Amino acid sequence: MTADNWDWAASDGSLPGSVDLRTDVPHSARMYDYFLGGKDNFPADRAAAAQVVELFPDVVATARANRRFLGRAVGYAAQLGIRQFLDIGTGLPTAENTHEKAQAIIPGARVVYVDNDPMVLVHARALLQGSPQGRTAYIDADFRDPEAILNAPQAKELLDFTQPIALMVVSLLHFFPDSDRPIEVLEGLKAVLPPGSALILSHATGEFTPPEVAAAVLKTYAAAGVSLTSRDTAEVARFFEGMDLVDPGLVPVHEWRTDHPEDLALTRPEVAALAGVAIKHG
């Protein structure tokens, strides 16, 4: 890791001091890490995640299908020639991170990760390193504060807002209730994207799950102190307004342009997430 391919600081450019990981409280990023088979989780996270698994065993398949979607969508954007990625709600580093997928196709691709979780912050500093040709940066900021993201020194240095950018909100927006105005916040971010940019999005849904199971899962997350808002296809589609969805449109996450055996083996009732990619035209 060198200063040539890694830039990491808080949104004001300062380095963080000690961070409180609150390992005694379940956290959505660490629960997701548990679903993915990762090791960056604690007893409180595992206990809450185990309750979700007991109610909806296919949550593990959903999480892993979502991660595979991220890789395919980033690859698709890179194949279009998009060289810049703004990944908001990064989560804990795992296999096939955004910069790895993008820079495997375009070695000089630049990736700016955004999250506001202390544990993500610690791991990102150590693990999210770019290629020798590319650059990778991390911003400590909240999705609900787009100005902090866009005005961060790392964003201004690494991202050229006159050239296409892939804006990524993968498995993020369901953590924001309507009262947080996620549509309006996302619209503000989409507004600064130049033509040719992409929106890569996935979102939890209970649309294909028995209502009583979906309700129990939401209740379990709430009891763990994690806000989770399930939205159906029509509600998730609103996040793409003003941009053109590419084929196959907004679909269950395991159906988006896949030939992966695990995806092909899944059925809609086994998956609790929607996904899509859209392009902004002039």
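See the structure printed just above.
Along each chain, residues carry numbers from 1 onward, in the same order as the chain's sequence is written. pLDDT decides what is reported in this predicted model: residues at 70 or higher carry local features, side-chain atom pairs at 80 or more are listed and counted, and totals for whole chains, interfaces and linings draw on all residues regardless. Based on all heavy atoms of the structure, the side-chain values leave hydrogens and waters out of the count.

1. Things to note about the pattern of salt bridges
- Here a salt bridge means any side-chain nitrogen of Lys or Arg lying within 4 Å of a carboxyl oxygen belonging to Asp or Glu. Under the defined criterion, the tally for this structure stands at 10 salt bridges.
- The salt bridge involving E262 is made with R68; its shortest N-O contact spans 3.3 Å. Here E262 is found in helix 11 (residues 261–264), whereas its partner R68 is found in helix 3 (residues 59–79), with 194 residues between them in sequence.
- The rule is simple: take the accessible area with a 1.4 Å probe, protein chains only, and divide by the maximum for that residue type; under 20% is buried, over 50% is exposed, in between is partly exposed. Among the residues examined, E262 registers a relative accessible area of 47% and is labelled partly exposed.
- On the basis of relative accessible area, R68 is assigned to the buried category, the value being 14%.
- Notably, a salt bridge pairs K190 with E187, separated by 2.7 Å at the nearest N-O pair. With K190 and E187 both in helix 8 (residues 182–191) and 3 residues apart, the pair spans about one turn of that helix.
- For E187, a relative accessible area of 32% corresponds to the partly exposed category.
- Residues participating in the shared-partner salt-bridge network are R68, R72, E262 and D263. Put simply, DSSP H or I for four residues or longer makes a helix, DSSP E for two residues or longer makes a strand, and each gets a number counted from the N terminus.

2. Topic: the pairing of strand 9 (residues 273–279)
- With 7 of its 7 residues buried, strand 9 lies for the most part within the structure.
- Neither face of strand 9 is exposed, since A273, A275, V277 and I279 on one face and L274, G276 and A278 on the opposite face are all buried.
- At least two DSSP bridges between two strands are required for those strands to pair. Taken together, the 7 bridges between strand 6 (residues 198–204) and strand 9 define a ladder with antiparallel strand orientation. Its bridge partner lying in strand 9, A204 is registered against A273.
- Here 2 bridges tie strand 7 (residues 244–245) to strand 9, and the two strands are oriented antiparallel to one another. Its bridge partner lying in strand 9, L245 is registered against A278.
- Of the pairings in the sheet, the one linking strand 8 (residues 251–252) to strand 9 comprises 2 bridges and is antiparallel in character. Along strand 9, the bridge assignment pairs V251 with A275.

3. A word on helix 1 (residues 28–35)
- Among the 8 residues in helix 1, 6 count as buried, and that is most of the element.
- The complete set of buried residues in helix 1 reads S28, A29, R30, M31, D33 and F35.
- In the segment just after helix 1, G37 is the residue with positive phi, at about 85°.

4. A closer look at the environment of Q154
- Structurally, Q154 is set in helix 7 (residues 153–158).
- Distance in space between the C-alpha atoms of Q154 and I139 is 7.0 Å, their sequence separation being 15 residues.

5. A short note on the packing of aromatic side chains
- Working definition: rings of Phe, Tyr and Trp (its six-membered ring) pair if their centres are within 6.5 Å, and the pair is stacked with planes under 30 degrees apart, edge-to-face with planes over 60 apart, and tilted otherwise. Tallied over the full model, the rule gives 4 aromatic pairs.
- Their ring planes at 65° and their centres at 6.2 Å tell us that Y34 and F35 sit as a pair that is edge-to-face.
- Using a relative accessible area of 31% as the deciding quantity, one classes Y34 as partly exposed.
- Both rings, one in Y76 and one in W256, keep their centres 5.9 Å apart while their planes meet at 85°; by these two values the pair is edge-to-face. With Y76 in helix 3 and W256 in the loop between strand 8 and helix 11, this residue pair connects regions lying 180 residues apart in the sequence.

So yeah, pure geometry; function would need other evidence.
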